[in-house]
Amino acid sequence: MSARSFAVFETALGHAAIAWGERGVVRIWLPDPDGAAARRRVGNRLPEAREDAPPPAIREAIARITDLLAGAPSDLSGVPLDLERIGELERSVYEIARTIPPGETRTYGEIASRLGDRSLAREVGRALAANPFPLVVPCHRVLAANGKPGGFSAPGGVSTKLRLLEIEGARTPGVPTLFT
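Residue positions are given per chain, counting from 1 as you read along its sequence in written order. Only residues with pLDDT of at least 70 get local features here, since the model is predicted, and only at 80 or more are side-chain atom pairs given and counted; chain-wide, interface and lining totals rely on the full set of residues. Values reported for side chains reflect all heavy atoms of the structure, with hydrogen atoms and water molecules removed beforehand.

The next point concerns helix H6 (residues 157–167). By the burial criterion, the buried members of H6 are Gly 157, Thr 160, Lys 161, Leu 162, Leu 164, Leu 165 and Ile 167. Where H6 is buried, its residues contact strand S3 (24–32), helix H2 (56–69), helix H4 (108–115) and strand S6 (142–143). Working definition: helices are DSSP H or I runs of at least four residues, strands are E runs of at least two. Numbering for both runs from the N terminus. Count one or two residues on from H6 and you reach Gly 169, which has phi positive near 75 degrees. Accessible area is worked out with a 1.4 Å probe on protein chains only. A residue is then buried under 20% of its type maximum, exposed over 50%, and partly exposed in between. Every residue pair with non-hydrogen atoms within 4.5 Å of one another is taken to be in contact.

Turning to the packing of aromatic side chains, a few remarks are in order. Working definition: an aromatic ring pair is given by the centre-to-centre distance plus the angle between the planes. The criterion for an aromatic pair is that two Phe, Tyr or Trp rings (for Trp, the six-membered ring) have centres within 6.5 Å, with stacked assigned to planes under 30 degrees apart, edge-to-face to planes over 60 apart and tilted to the rest. Enumeration according to the criterion identifies one aromatic pair in this entry. Ring geometry for Tyr 94 versus Phe 133: centroids 6.3 Å apart, planes at 90 degrees, classification edge-to-face. A residue pair is termed long-range when its members are at least 10 positions apart, and Tyr 94 in helix H3 (residues 88–97) and Phe 133 in the loop between helix H5 (121–129) and S6 qualify at 39 residues. Residue classification places Phe 133 among the buried positions, given a relative accessible area of 0%.

Attention shifts here to the sheet that holds strand S2 (residues 14–21). Strand order in the open sheet formed by four strands is S3-S2-S1-S4, and the pairing between neighbours is mixed. Of all the strands in the sheet, just S3 and strand S4 (50–51) have a single pairing partner and so form its edges. If DSSP finds at least two bridges between two strands, the strands pair. Of the strand pairs in this sheet, strand S1 (residues 5–11) and S2 are connected by seven bridges, and their pairing is antiparallel. By the bridge assignment for S2, Ser 5 is matched with Trp 20. Axes here refer to lines fitted to C-alpha atoms; in helices the fit is confined to the stretch in contact. Angles between the N-to-C directions go from 0 to 180 degrees. Against the sheet, helix H1 (residues 35–45) engages S1, S2, S3 and S4, with an angle of about 140 degrees to S3.

These figures come from the coordinates and say nothing about function on their own.
Next comes the structure, spelled out in structure tokens:
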């Protein structure tokens, strides 16, 4: 990875982190309870990255992520991503996922159909499980068949996914509400 810098920032749900390089965001980490835990996660994944003051585009991304996690409408579609080390299928999946508006969901099968082959649903799931850009590539908006939440590899698992969907006001029929 070409990350050179990272920042840890406070959100309504804890301390998140973002790493970037010359081409844009390299990785995002969803909130941890404290900043030290967030810094450890960055160090485990990107030991070469150094904590630094974010440039304007990254400051804007942080502000938009912070707004979203506070429950405010926030458009993350313009956040620049460094896709240099992302495979072709993953890029395509991420591009499609980025078109899902806040408050809406799609299924793995629907994304596979947009790729041109519904049988790619498992590959779509694998690509989203490896998503290095949660929230900006809104993998939490992608559900399993019949609207079931499916998996979520971020800390907190499916409860985090459901919490994010609830923050955005998404309707998930047949899924119990965990938060009020």
